[in-house]
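# Chains, contacts and geometry: an overview
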Amino acid sequence: MTNTNSESYGTLSVALEHAKRLLQSDPGAAVEQATEILKVAPDHPGATTLLGIALGANRQGDAALAALQRAVQLKADMPEAWRALGDHLTAIGDAAGADQAYAQHVRYSTRDPRLMEAAAHLCENRIAPAEALLRVHLKQHPTDVAAIRMLAEIAARLGRYGDAENLLTRCLELAPSFEPARHNYAFVLHRAGKSAEALAQVDRLLEINPRSPGYANLKAAILARIGDVEQSLEIYARVLETYPNHAKVWMSYGHALKTAGRQQESINAYRRTLEMAPQLGEAWWSLANLKTFRFVEGDLESMQRQLRRNDLSIEDRFHFHFAIGKALEDAQQFATSFQHYEKGNALRREVIAYDADENAAHVERSKALFTPEFFTARAGRGCETPDPIFIVGLPRSGSTLIEQILASHPLVEGTQELPDIIAIARTLGWQHKSGKRKYPESLESLDEDALRALGEKYLQQTRIQRKTDAPFFIDKMPNNWAHAGLIHLILPRAKIIDARRHPLGCCFSGYKQHFARGQHFTYSLEELGRYYRDYVEMMAHFDRVLPGRVHRVLYEDVVENFEEELNRLLAHCGLPFDERCLRFHES
């Protein structure tokens with residue numbers, strides 16, 4: 001376009017509409033058109049928004065971010081600009097900025113005065129008043145999809161993913177073409193560990209908008225979780241082409257490379273991250289967390305210099321403490337190393353919610369419910385498929401070693417830590433009207449059909465994790481020890497292996513580790529000790545009520561008497577001896 005006043009385009013609004021049409025077929029031409037419009041009207045918010053969206057579709061991520069930030073500065077009530085900005089911020093790893101942008105999108109998407117106040121509260125993260133207003137509104141207008149989506153956003157922020165999922169399911173039943181709600185739905189399913197369902201939703205979104213960086217980033221994360229690492233890496237590589245100068249994109253790429261076992265490339269990606277953002281504590285910890293990595297000369301001094309900054313977030317600060325602790329431990333400066341581990345754990349504990357009493361109460365209630373009579377009355381129920389092999393216990397207990405040994409057997413496939421048993425337990429676990437827990441007591445009322453259906457549900461949900469035709473697969477989620485009774489009831493032929501390590505070695509190893517998610521009991525030595533005690537008590541109970549049901553493997557015994565322990569393990573799993581298990585390290 002050379003003249004926005006020419007007869008071929010007429011008015012500015014006509015030119016803008018033409019640029020919007022170009023966006024669908026030729027983003028590059030849409031960029032040129034929007035640029036020409038802005039030469040005539042440099043502060044036009046609509047043209048600036050269009051330019052940002054077109055630049056993003058043309059894989060010019062940095063320029064797109066700048067244009068969209070300019071658009072919302074020119075005119076705040078631009079929901080389309082806020083949403084596109086949120087997608088770009090998600091893609092570059094700015095989660096806080098993306099949350100704020102999406103909240104502003106929600107705020108300005110509604111013109112209903114009854115919702116505007118709730119939306120304003122949501123933007124300021126005032127959860128309680130926003131939730132109260134929305135609940136009152138939905139009592140009067142139960143099919144208002146904008147309000148339902150806002151309430152789901154609140155539930156997700158509070159970690160109530162089951163509630164968020166139910167609300168968004170209803171939202172999309174009422175309005176199947178409500179794209180922002182479908183994006184929220186895919187994200188919530190991913191956070192809840194429902195990878196197959198999340199992938200189906202994000203694929204639908206990419207059919208609608210194949211150039212969306214936010215959708216691509218979410219798909220890459222889902223693929224990495226289900227073990228489709230190569231496809232995930234391909235997507236991350238394309239994201240890097242769009243945002244080559246953003247540290248967190250390089251860090252995400254490093255995480256994916258690590259998962260793929262490409263360690264040197266992951267180190268290179270983390271180093272590239274730190275060239276751009278040396279204050280990013282997570283990148284330093286990501287290096288420290290590589291099993292065979294050792295920091296080089298100058299790294300420790302660099303980390304200590306960054307730690308002295310006054311502008312570090314708590315998240316960066318505790319990552320630095322864990323990374324410095326590891327560097328000092330490798331240098332055999334154990335006293336100073338422990339001080340950093342202690343500080344890192346204390347900072348992490350400040351920002352998580354964990355109740356050790358609640359965990360202990362769950363064990364006591366499980367012991368009261370799961371009696372020999374209880375299991376005898378339900379014998380023969382559940383799904384009879386023998387496919388799963390559950391490895392339970394604590395993190396850092398040697399469970400990965402056991403998984404590697406078993407996965408070397410040609411009849412067994414290794415997957416990863418699957419969230420599906422915990423997700424099933426959650427669906428059985430809360431009585432929303434009273435706010436009281438009803439799991440595991442809710443298992444008492446399940447009949448034969450219900451127990452079998454839950455077992456089949458688990459197998460169906462985990463199917464996406466299986467890449468081979470091996471008849472058995474491993475679920476290595478350590479926290480499943482708390483759900484041994486559920487596993488026995490719904491999958492009575494599944495194997496349960498208790499991977500146990502001496503409490504000092506196990507607990508201290510967990511204390512030195514920062515976990516990307518979950519394992520909130522590990523950030524206090526006292527809570528670690530209590531958790532270990534609860535776990536041992538629960539496993540001892542199952543030894544009494546279901547003798548032989550759980551096979552225990554002591555890490556120290558595996559180290560001392562490997563072949564003897566291997567034979568016991570294979571016999572328990574009903575697997576013939578295979579020499580490849582002796583050479584597990586080769587796989």
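Relevant structure appears above.
### Re the packing of helix H5 (residues 79-91) against helix H13 (residues 213-225)
Viewed as axis vectors pointing N to C, H5 and H13 meet at an angle of 35°, and their least axial separation amounts to 7 Å. Judged by the twist between their axes, the crossing of H5 over H13 is left-handed. Two secondary-structure elements touch here, H5 through Arg83, Asp87, His88, Thr90 and Ala91 and H13 through Pro213, Gly214, Tyr215 and Asn217. Taken together, the residues of the contact of H5 with H13 break down into three nonpolar, four polar and two charged.

### So, the packing of aromatic side chains
Under the definition given, this model contains 19 aromatic pairs. Ring centres of Trp284 and Phe295 lie 6.3 Å apart, and the angle between their planes is 45°; on these two criteria the pair is classed as tilted. Of this pair, Trp284 sits in helix H17 (residues 281-288) while Phe295 sits in the loop between H17 and helix H18 (299-307), and the two are 11 residues apart along the sequence. With a relative accessible area of 5%, Trp284 lands in the buried category. On the basis of relative accessible area, Phe295 is assigned to the buried category, the value being 18%. Ring centres of Phe322 and Tyr523 lie 6.4 Å apart, and the angle between their planes is 75°; on these two criteria the pair is classed as edge-to-face. Taken together, the residues Phe322 in helix H19 (residues 314-330) and Tyr523 in the loop between helix H27 (503-511) and helix H28 (525-545) connect sequence positions 201 residues apart. Exposure class is identical for Phe322 and Tyr523. Each is buried. A network of ring pairs unites the aromatic residues Trp481, Phe521, Tyr531, Tyr532 and Tyr535 as a single cluster.

### Some words on helix H21 (residues 356-369)
With 14 residues, H21 extends 20 Å between its outermost C-alpha atoms, agreeing within 8% with the 20 Å of an ideal straight helix rising 1.5 Å per residue. By the burial criterion, the buried members of H21 are Ala356, Asn359, Ala360, His362, Val363, Ser366, Lys367 and Leu369. Considering only its buried residues, H21 is in contact with helix H22 (372-377) and H28. Capping of H21 at its N-terminal end is provided by Asp355; its side-chain oxygen lies 2.9 Å from the backbone amide nitrogen of Asp357.

### Some words on helix H8 (residues 127-140)
For H8, with 14 residues, the first-to-last C-alpha span of 20 Å sits near the 20 Å given by 1.5 Å per residue. Among the residues of H8, those classed as buried are Ile127, Ala130, Glu131, Leu134, His137 and Leu138. One side of H8 carries all its buried residues, which in axial view fall inside an arc of 130°. Residues of H8 that are exposed and point over 90 degrees away from its buried face: Ala128, Val136, Lys139 and Gln140. In this structure, the buried residues of H8 make contact with helix H7 (113-123) and helix H9 (145-157).

### Some remarks on the packing of helix H4 (residues 61-74) against H5
Orientation of H4 relative to H5, taken along the N-to-C sense of each, is 145°, at an axis distance of 9 Å. Here H4 runs over H5; the crossing is left-handed. Touching Gly61, Ala64, Leu65, Leu68, Gln69, Ala71 and Val72 of H4 are Ala81, Trp82, Ala84, Leu85, His88 and Leu89, all from H5. Along the lines of polarity and charge, the residues of the contact of H4 with H5 split into 10 nonpolar, three polar and no charged.

### What about the nonpolar core?
A general tendency of soluble globular proteins is for nonpolar side chains to be buried together. Among the nonpolar cores identified, the biggest contains 76 residues, and Tyr458, Trp481, Leu486, Met539 and Phe542 are the most heavily contacted of them. By residue number, the principal contributor to this core is H28, which donates eight residues. For Phe542, the residues in contact, after removing those within four places along its chain, are Phe370, Phe375, Ala484, Gly485, Pro547 and Val550. Counting residues in hydrophobic clusters, the runner-up holds 71 residues, among them Ala198, Tyr215, Ala216 and Leu233.

### Structural notes on the sheet that holds strand E2 (residues 412-414)
Within the open sheet, the five strands sit side by side as E2-E5-E1-E6-E7. Their pairing is parallel. The open sheet has two edge strands with one neighbour each: E2 and strand E7 (550-554). Across this sheet, the average inter-strand angle for adjacent strands is 25°, counted without regard to direction. Sheet analysis places strand E6 (residues 495-500) next to E7, joined by five bridges and oriented parallel. By the bridge assignment, Ala499 is partnered in E7 with Val553.

About the cut-offs
Numbers given to residues run from 1 along each chain, matching the order in which its sequence is written. The model is predicted, so local features are restricted to residues of pLDDT at least 70 and side-chain atom pairs to those at 80 or more, both for listing and for counting; the totals for chains, interfaces and linings are taken over all residues. Think of the side-chain values as coming from all heavy atoms in the structure, minus any hydrogens and water. Every axis in this analysis is a line fitted to C-alpha atoms, fitted for helices over the stretch in contact. Angles between the N-to-C directions lie between 0 and 180 degrees. Strands here mean DSSP runs of E at least two residues long; helices mean DSSP runs of H or I at least four residues long; both are numbered from the N terminus. For any pair of crossing helices, the crossing counts as left-handed if the nearer helix is rotated counterclockwise from the farther one by less than a right angle, and right-handed if it is rotated clockwise. The contact definition used throughout considers only heavy atoms, calling two residues in contact when any of these lie within 4.5 Å. Throughout this entry, Asp, Glu, Lys and Arg are counted as charged residues, while Ala, Val, Leu, Ile, Met, Phe, Trp, Tyr, Cys and Pro are counted as nonpolar. The remaining residues, Gly among them, count as polar. When the centres of two rings from Phe, Tyr and Trp lie within 6.5 Å, Trp using its six-membered ring, the rings pair. Their planes under 30 degrees apart give stacked, over 60 give edge-to-face, and anything left gives tilted. Classification of residues uses two cut-offs on accessible area relative to the type maximum, computed with a 1.4 Å probe and protein chains only: under 20% is buried, over 50% is exposed, and between them is partly exposed. By definition here, a helix of n residues has an expected span of 1.5 Å times n minus one. Throughout this description, a polar contact denotes any pair of N or O atoms lying within 3.5 Å of each other; where both atoms belong to protein, one of them has to be capable of donating a hydrogen while the other can accept it, and for residues adjacent in sequence the pair is counted only when both atoms sit in side chains. Working note: the arc is built from the helix axis to C-beta atom directions. The term nonpolar core refers to a set of buried residues drawn from Ala, Val, Leu, Ile, Met, Phe, Trp, Tyr and Cys, joined through side-chain atoms within 4.5 Å. Only strands that DSSP links by at least two bridges are regarded as paired with each other.

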